[in-house]
Amino acid sequence: TTQEYQEPTLEEQE
Amino acid sequence: MIHSDTVISLSQDATYQDMGDNEPAVILQLSTGRLFTCNLTTRCFLDLLADPCSLGDAVDQLLKTFDVPREKLERDLIKLAGQLLAAGLIQLN
């Protein structure tokens, strides 16, 4: 059982 | 340059909190107060970095979680690790 893959994200917030 | 043999771990200057099972996370850099958000893939990657871990081992582990070709995952994680390293959220071991 595997999950749908999404490209990793990293976002800096204010 | 980060490659599959590079050993990395979460920086002592960073902490993160997930938003629940299989949910994204927020990451805090303690010394600066900088705040980051990330998706589930990044969070699962960070989960593996509580202890020093090679990027290749992280790829092996995440292949058990996500349905993605190995080459694609490794390429994405190398890029992500570069971003995390530049932000001071992970460290080289």
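Look a little higher up for the structure.
The sections below set out a description of the structure shown in this document. Note that this is a predicted model, so its numbers are computed, not measured.

## Description of the pairing of strand β2 (residues 14–18) of chain B
All names here are of chain B. Here β2 runs beside strand β3 (residues 25–29); their pairing, made up of five bridges, is antiparallel. Note on β3: the bridge partner recorded for Asp18 is Ala25. Hairpin connection from β2 to β3: six residues lie between these consecutive antiparallel strands, with Gly20 at a positive phi of about 130 degrees.

## A closer look at the nonpolar core
Residues and elements named next belong to chain B. With 30 residues, the main nonpolar core has Phe45, Leu49, Leu55, Leu77, Leu84 and Leu89 as its most contacted residues. Put simply, the parts of the chain that give this core at least two residues each are β1 (7–10), β3, β4 (35–38), α1 (40–47), α2 (55–63) and α3 (70–86). Here this core takes five residues from α3, the largest share from any one element. Setting aside its immediate chain neighbours within four residues, Leu55 contacts Ile2, His3, Ser4, Thr6, Ile8, Phe45, Glu74, Leu77, Ile78 and Ala81.

## Brief notes about the environment of Ala81(B)
Relative to the assigned elements, Ala81(B) resides in helix α3. In sequence terms Ala81(B) and Leu55(B) are 26 residues apart; their C-alpha atoms lie 8.5 Å from each other.

## Here's the deal with the sheet that holds strand β5 (residues 53–54) of chain B
Residue and element names in this part refer to chain B. With antiparallel pairing, three strands are arranged side by side in an open sheet as β5-β1-β7. Two strands close off the open sheet at either side, each with one partner strand: β5 and β7 (90–92). Examined bridge by bridge, β1 and β5 share two bridges and lie antiparallel to one another. Counterpart to Ile8 in the pairing with β5 is Cys53.

Rules and cut-offs
- Residues numbered from 1 in each chain as written.
- Chains lettered and ligands numbered in written order.
- Predicted model: local features only at pLDDT ≥ 70, side-chain atom pairs only at ≥ 80, totals over all residues.
- Heavy atoms only, no water.
- Pairing = 2+ DSSP bridges.
- Helix = DSSP H or I, 4+ residues; strand = E, 2+ residues; numbered from the N terminus.
- Core = buried A, V, L, I, M, F, W, Y, C linked by side-chain atoms within 4.5 Å.
- Buried < 20%, exposed > 50% of the residue type's maximum accessible area, 1.4 Å probe, protein only.
- Contact = heavy atoms within 4.5 Å.

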